[in-house]
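# Fold and geometry: a report
As a plain string of letters, each chain reads:
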Amino acid sequence: MAIKLNEKYLSGFVSSTEVEKIAHIAESAYSVVKNKSGAGNDFLGWVDLPVDYDKDEFARIKAASEKIKKMCDVFVVIGIGGSYLGARAAIEFVKSPLYNNLKKDTPDVYFAGNSISSSALNDILKLCEGKDVCINVISKSGTTTEPAVTFRIFRELLEKKYGEEGARERIFVTTDRARGKLKEFSTDKGYETFVVPDDIGGRYSVLTAVGLLPIAVAGCDIDAMMKGAADARVKYSEPSAATNECIRYAAIRNIMYNKGKSIEILVAYEPAAQMLSEWWKQLYGESEGKDNKGLYPASVIFSTDLHSLGQYVQEGLRTMFETVIDFKKSSDTVVIPDDPNNIDGLNFLSGKELHDVNRMAMTGTLFAHNDGGVPNVVLEVEDRSEYSFGYLVYFFELACAISGYMLGVNPFDQPGVEAYKKNMYALLGKPGYEEQKKALEARIK
């Protein structure tokens, strides 16, 4: 088992009796997910995805990744939200946050189209100078502003550098199976395309072609990743909160929420988990934050952030709880040397492995935060392998769906996201938004 739920640091905050009392609600929400009988049930394709995926496309993903590895030095992934966070999270989780700086036989992977910053985009363009470049644009519609504008710019760059024929071999598109402007354009141009499934929303799509192509290009074992998710699917098939830790985690979150905890902080003691935290924040924030409900998802990397946010967590408003990812093993061994002069007074650490020191820092912090009135849920994760990543993704996705139904919201829509887009389109003069533009300009004045 790649994940184990440790409730030791909930003692005094959540009792087993409380979990038992709410278990039937969590179990009912779980059955709604499994039976596909709730709101948004047409977006539950991820539930059986680890075993029910397109094997032919999976093979094409691996073949395309090998082609890309041979063709380019830089692979630019163009997408926003769920179209890039999962892939970036996987690469940094398995490989390193410094993946692009390491010696390797795979291309550098950069993520663009996730902001409208000219400086951020220009930095990536500069990194591409003098390099062979391939791109992967990811968008179901092809009309989302940030990735669409970025795709225009990189498409022009590739066509100028390699010609239209050469660019065709270097542009890979992940989009709708049959509809949309980007699909039509890609078909006309002859780009190789992969599918954004109709029944899987962006924030649940990391184990589809959306995430798997960039992940494979970075040299990660996507077979092992899918195996981890498949094993998690089996593990969390029990309908009881007593035996299914995924249901139990959702129940605990709901108890915290009902006790007035409004913030859940995802904590990791490995910088490699920072982008996993960003993916997690979108997953939970976009799934639960509606109808004026939901826990606010935040994240920290300790011990780094103990020197900036630690004071607030320890003694600030008691409106939060922490979910801590505890990596049991490290793939790297660093032993602290002895200093004959002991100038820093740390010779009591001489000969110890840094990973062990890190885990002691975690244990000390767990007790300190408990003493300060902060409940902690601990998820013990075996390691940072592809298998563990796939397992963890499935755990969080299923727990998120259960949690959303427990709150009484649709975990698979995001109506609030459209508000800023409509205002932005109006202010930029998009046809059809004339009246809204007048109203906004009046407010500006």
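These notes cover the structure that comes with them.

Here is what the cut-offs are and how they apply
- Along every chain, residues carry numbers that run from 1 in the direction the sequence is written.
- A pLDDT threshold of at least 70 governs which residues receive local features in this predicted model, and a stricter bar of 80 or more applies before side-chain atom pairs are shown or counted, although totals over entire chains, interfaces and linings include all residues.
- Each side-chain value is derived from all of the structure's non-hydrogen atoms; neither hydrogens nor water enter the calculation.
- Any two strands with at least two DSSP bridges between them are considered paired.
- The way it works is that DSSP assigns letters per residue, a run of H or I at least four long becomes a helix, a run of E at least two long becomes a strand, and they are numbered from the N terminus.
- To define axes, lines are fitted to C-alpha atoms, for helices over the stretch in contact only, and angles between the resulting N-to-C directions are given on a 0 to 180 degree scale.
- For this analysis, residues touch if any pair of their heavy atoms sits within 4.5 Å.
- Only protein chains enter the calculation, and the probe is 1.4 Å; a residue is then buried if its accessible area is under 20% of its type maximum, exposed if over 50%, and partly exposed in between.
- The sign given to each residue is positive for Lys and Arg and negative for Asp and Glu; His and the chain ends receive no count.
- Salt bridge, as used here: a side-chain nitrogen of Lys or Arg that lies within 4 Å of a carboxyl oxygen of Asp or Glu.
- A cavity here means a set of points on a 1 Å grid, drawn over the protein atoms and nothing else, where a 1.4 Å probe fits but cannot get out; a pocket is an open set with protein on both sides within 12 Å along at least five of seven lines, and a residue lines either one if it has an atom within 4 Å of a point.
- Grid points are joined across faces, edges and corners, and a volume is the space filled by probe spheres set on the points.
- Under the scheme applied here, ten amino acids are nonpolar (Ala, Val, Leu, Ile, Met, Phe, Trp, Tyr, Cys and Pro), four are charged (Asp, Glu, Lys and Arg), and all others, including Gly, are polar.

## Remarks on the sheet that holds strand β8 (residues 296–301)
Pairing within the open sheet is mixed, and its 5 strands lie in the order β1-β10-β9-β7-β8. Both edges of this open sheet fall to β1 (3–6) and β8, since each of them pairs with a single strand only. Put simply, the sheet's adjacent strands are angled 20 degrees from each other on average, direction ignored. Taken together, the 6 bridges between strand β7 (residues 263–268) and β8 define a ladder with parallel strand orientation. Bridging from a neighbouring strand, Ile 265 pairs with Ala 298 of β8. In this fold helix α12 (residues 354–371) packs onto β9 (320–327) and β10 (376–381), with an angle of close to 160 degrees to the strand it touches most, β9.

## Examining the sheet that holds strand β2 (residues 74–78)
Ordered in space as β3-β2-β4-β5-β6, the 5 strands form an open sheet in which the pairing is parallel. What marks the edges here is a single partner per strand, and that holds for β3 (108–112) and β6 (192–195). On average, each strand axis in the sheet is tilted by 20 degrees relative to the strand beside it, whichever way the strands run. Relative to strand β5 (residues 171–175), strand β4 (residues 133–138) runs parallel, the two being bridged by 4 bridges. Of the residues in β5, the one forming a bridge with Asn 136 is Phe 172. Here helix α2 (residues 55–71) sits on the sheet in contact with β2, β4, β5 and β6, set at roughly 135 degrees to β6.

## Regarding the side chain of Glu 146
Within the fold, Glu 146 resides in helix α5 (residues 145–168). As a buried residue without a salt bridge, Glu 146 has its nearest oppositely charged side chain in Lys 421, at a separation of 6.5 Å. When residues no more than four places from it in sequence are discounted, the contact partners of Glu 146 are Ile 80, Gly 113, Ser 115, Ile 116 and Tyr 420.

## Structural notes on the layout of surface pockets
When its volume is computed, the largest pocket comes out at roughly 810 Å³. Around the largest pocket sit 30 residues that line it, and Ile 80, Thr 144, Gly 202, Gln 414 and Lys 421 are the ones nearest its centre. Taken together, the elements giving at least two residues each to the lining of the largest pocket come down to α5, α10 (274–288) and α14 (418–427). Considering the residues around the second largest pocket, the lining is formed by 17 residues, among which Gly 142, Thr 143, Ala 148, Val 149 and Arg 152 are closest to the centre. Of all the secondary structure elements, the ones that give two or more residues to the lining of the second largest pocket are α5 and α6 (181–189). Counted by class, the lining of the second largest pocket contains 9 nonpolar, 4 polar and 4 charged residues.

Distances and angles like these do not, on their own, reveal function.
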